[in-house]
Amino acid sequence: MHSTAPLSASTAAASTASASTAAASTTSASTTHAAVTAPAVTSPAAAPARLTTIPTLPESLAHGGYIQRGSTAFWRVTLALFAAGFATFALLYCVQPILPVLSADFAISPATSSLALSCATAMLALGLLISGPLSDAFGRKNVMVTALLLASVCTLISTRMQSWQGILLLRMLMGLALSGVAAVAMSYLAEEIQPTQIAFAMGLYISGNSIGGMSGRLLTGVLTDFFGWRLALTAIGCCALAAALMFWKILPPSRHFRPLSLRPRSLMISLHLHWRDAALPWLFAEGFLLMGAFVTLFNYIGYRLMESPWQLSQAVVGLLSVVYLTGTWSSPKAGLMTARFGRAPVLLGFLGLMLAGLLLTMFNALWLVILGLLLFAAGFFAAHSVASSWIGPRAHRAKGQAASLYLFCYYLGSSLAGTLGGLFWHRFGWSGVGGFIALLLSLALLVGWRLRLAESRPAA
């Protein structure tokens, strides 16, 4: 009869060592840990020595190879993507405060001058439909580095252009290039960061976006007063180029990226799966409504504050972009809150904060209006952080394409709702604009509630 007695202590130790070394070998494909995958321990005395090799795994390879919050790799990723977000939105919005200067310099109308911004954002939106699939095929870091370098170079060349058509062409090329950062950064974070910490990392990235958008406006406006718009844009371009080189140097290479085919059939299969998912289409709609509400408010609040009873100057109204700084706090805060309360409840809460801020802007007391802008901006950046960080974990295939679709709807909301808000302003004044934004946010709350129901359903 065969014995069924328990294993001896020495045999159990050897078995534990073998199991541990096997687990370590599957956690990392790095050849520097080949010693861990040596043959199973045959001597009980050797078991303790083998076990001591396991903790030598790099900190970024723990927990299935995902980058952990607090590790050196995590802060490298955070700093690199913060720099990328800063450069992206500084380049994109740096022309906004100097549109009157461009009108005078090139003898063009204000509407024509605004094309310097609208052409860039339009090309960015269109480019998102291309850059996501390209990053799914050629890698995340490669696409982002190339995009940042090209966008910086286009900005620097535009400062030497003597014709308005030449400047518009380079702004369009710059917007097209920047599409290779916006969506791809979301996909990189979704693949490389520990899944429970993606929302926090996305919040830090979006805080870089908010600071970049604010800094691009402020720096260009100030430098133009002293040195002219060409030197101001040169300074912005050089800062973006330095950020691109730093990004290239410190961003860790992808470990979980798996290339996909660019064949139309493969792209259509991925697209079909995204739209069949229980949550992704609603997230795309949420991006449209969020950005539509945000752009509409900040497009027309300046017109209101330059009227009676405040009659603020253009320079003071331009400083309102400082309220974007609330996003540097609320975005990572929202990421931490999702780990505790879940994505949908946090999204709904910050949408409510946006509504509260909108309500305060309806009063005549200036301090209440400014407080309302602070709350509205904080709520927007936090809600956008939650929605955008939801895309990667939800899309199990072609994450770059899914992120591109979200941001395409996001910028489409900026274009359509921002323009439509002007009709409400012309017809009904600020009360009409406020009512229109309230409608958008009410729809966003309904979509958020629908996402709460879909959160527990598996991805397609």
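Structure: above.
Our subject in this report is the structure included herewith. (Residues numbered from 1 in each chain as written. Predicted model: local features only at pLDDT ≥ 70, side-chain atom pairs only at ≥ 80, totals over all residues. Heavy atoms only, no water.)

### Quick look at the overall build of the protein
Part 1 of the argument: Helix and strand content of the protein: 18 helices and zero strands.
Part 2 of the argument: For the protein, contacts bridging at least 24 residues in sequence account for 82% of all contacts bridging at least 6. (Helix = DSSP H or I, 4+ residues; strand = E, 2+ residues; numbered from the N terminus. Contact = heavy atoms within 4.5 Å.)

### Remarks on the packing of aromatic side chains
Part 1 of the argument: Summed over the entire model, instances satisfying the criterion amount to 16 aromatic pairs.
Part 2 of the argument: Aromatic pair phenylalanine 106 and tryptophan 229: ring centres 6.0 Å apart, planes at 55 degrees, arrangement tilted. Placement of phenylalanine 106 in helix H5 (residues 99-106) and of tryptophan 229 in helix H11 (residues 229-250) is noted, with a sequence separation of 123 residues between them.
Part 3 of the argument: Judged by relative accessible area, which is 16%, phenylalanine 106 ranks as buried. (Phe/Tyr/Trp six-rings, centres within 6.5 Å; stacked < 30°, edge-to-face > 60°. Buried < 20%, exposed > 50% of the residue type's maximum accessible area, 1.4 Å probe, protein only.)

### A closer look at the packing of helix H16 (residues 343-360) against helix H17 (residues 366-394)
Part 1 of the argument: H17 packs onto H16 with a crossing angle of 155 degrees between their chain directions and a minimal axis gap of 7 Å. Considered as vectors, H16 and H17 are oriented roughly antiparallel to each other. As H16 runs across H17, the sense of the crossing is left-handed.
Part 2 of the argument: Of the residues assigned to the contact of H16 with H17, the class counts are 20 nonpolar, four polar and one charged. (Axes fitted to C-alpha atoms, helices over the stretch in contact; angles between N-to-C directions. Parallel < 35°, antiparallel > 145°, perpendicular 65-115°, else oblique. Left-handed = near helix turned anticlockwise from the far one by under 90°. Nonpolar A, V, L, I, M, F, W, Y, C, P; charged D, E, K, R; others polar.)

### Side note on the nonpolar core
Generally speaking, soluble globular proteins have nonpolar side chains that are buried together.
Part 1 of the argument: In terms of nonpolar packing, the biggest core is built from 128 residues, with Leu81, Phe247, Phe294, Phe298 and Phe376 touching the most fellow members.
Part 2 of the argument: The biggest single contributor to this core is helix H18 (residues 399-454), with 20 residues.
Part 3 of the argument: In this view, phenylalanine 298 contacts Val323, Tyr324, Leu373, Phe376 and Ala377; residues no more than four positions away in its chain are not counted. (Core = buried A, V, L, I, M, F, W, Y, C linked by side-chain atoms within 4.5 Å.)

### Let's talk about H11
Part 1 of the argument: For H11, with 22 residues, the first-to-last C-alpha span of 32 Å sits near the 32 Å given by 1.5 Å per residue.
Part 2 of the argument: Taken residue by residue, H11 has Trp229, Ala232, Leu233, Ile236, Gly237, Ala240, Ala243, Ala244, Phe247 and Ile250 as its buried positions. One side of H11 holds all its buried residues, which, seen down the axis, span an arc of 165 degrees.
Part 3 of the argument: Elements in contact with the buried residues of H11: helix H4 (72-93), H5, helix H8 (140-158), helix H9 (164-192) and helix H10 (198-227). (Expected span 1.5 Å × (residues − 1). Arc of directions from axis to C-beta.)

### A few points about empty space enclosed by the protein
Empty space among the atoms can be located by rolling a probe the size of a water molecule over them.
Part 1 of the argument: For the structure shown, the criterion picks out four cavities of 30 Å³ or more.
Part 2 of the argument: In this model, the largest cavity occupies a volume close to 60 Å³.
Part 3 of the argument: Lining the largest cavity, in full, are Cys94, Val95, Leu102, Ala116, Thr155, Ser158, Ile167, Arg171, Trp229 and Leu233.
Part 4 of the argument: Residue composition of the lining of the largest cavity, by class: seven nonpolar, two polar and one charged. (1 Å grid on protein atoms, 1.4 Å probe; cavity = no way out; pocket = protein on both sides within 12 Å on 5 of 7 lines; lining within 4 Å. Points joined across faces, edges and corners; volume = space filled by probe spheres on them.)

### Let's talk about the pattern of salt bridges
Part 1 of the argument: Under the definition given, this model contains one salt bridge.
Part 2 of the argument: For arginine 394, the salt bridge goes to aspartate 277, with nearest N and O atoms at 2.9 Å. With arginine 394 in helix H17 and aspartate 277 in the loop between helix H12 (264-276) and helix H13 (280-305), this pair connects stretches of sequence that are 117 residues apart. Assigned by exposure class, arginine 394 and aspartate 277 land together as buried. (Salt bridge = Lys/Arg side-chain N within 4 Å of Asp/Glu carboxyl O.)

### Digging into the state of the cysteines
Part 1 of the argument: Applying the stated criterion to the full structure yields zero disulfides.
Part 2 of the argument: Counting only cysteine sulfurs, cysteine 238 is the nearest neighbor of cysteine 239, a cysteine outside any disulfide, at a range of 7.1 Å. (Disulfide = S-S within 2.5 Å.)

### Some words on the packing of helix H15 (residues 326-341) against H17
Part 1 of the argument: Interhelical geometry of H15 versus H17 gives an angle of 45 degrees and a closest axis separation of 8 Å. With respect to H17, the axis of H15 lies oblique. Along this stretch, H15 crosses H17, giving a crossing that reads as right-handed. Residue-level inspection shows Thr326, Gly327, Ser330, Ser331, Ala334 and Thr338 of H15 in contact with H17, the latter providing Leu374, Ala377, Ala378, Phe381, Ala382, Ser385 and Val386.
Part 2 of the argument: In terms of residue class, the contact of H15 with H17 is made up of seven nonpolar, six polar and no charged.

### So, the side chain of threonine 224
Part 1 of the argument: Looking at the secondary structure, you find threonine 224 in helix H10.
Part 2 of the argument: For threonine 224, a relative accessible area of 11% puts it in the buried group.
Part 3 of the argument: Leaving out residues up to four positions away in the same chain, threonine 224 has contacts with Ile98, Val101, Trp229 and Ala232.

### Structural notes on the environment of glutamine 96
Part 1 of the argument: Along the chain, glutamine 96 turns up in the loop between H4 and H5.
Part 2 of the argument: Spatially, the C-alpha atom of glutamine 96 lies 8.7 Å from that of glycine 221, the residues being 125 residues apart in sequence.
Part 3 of the argument: With near-sequence residues (within four places) excluded, glutamine 96 lies in contact with Leu117 and Arg217.

### What about a nonpolar patch on the surface?
Part 1 of the argument: On the surface, a nonpolar cluster with roughly 340 Å² of combined accessible area is contributed by Leu126, Leu129, Ile130 and Leu134.
Part 2 of the argument: Here leucine 134 shows up in helix H7 (residues 115-138).
Part 3 of the argument: Judged by relative accessible area, leucine 134 falls into the partly exposed class, the value being 32%. (Patch = residues over 30% accessible without salt bridge, like charges linked within 9 Å, V, L, I, M, F, W, Y side chains within 5 Å. Areas by Shrake-Rupley, 256 points an atom, 1.4 Å probe, with all protein chains shown as cover.)

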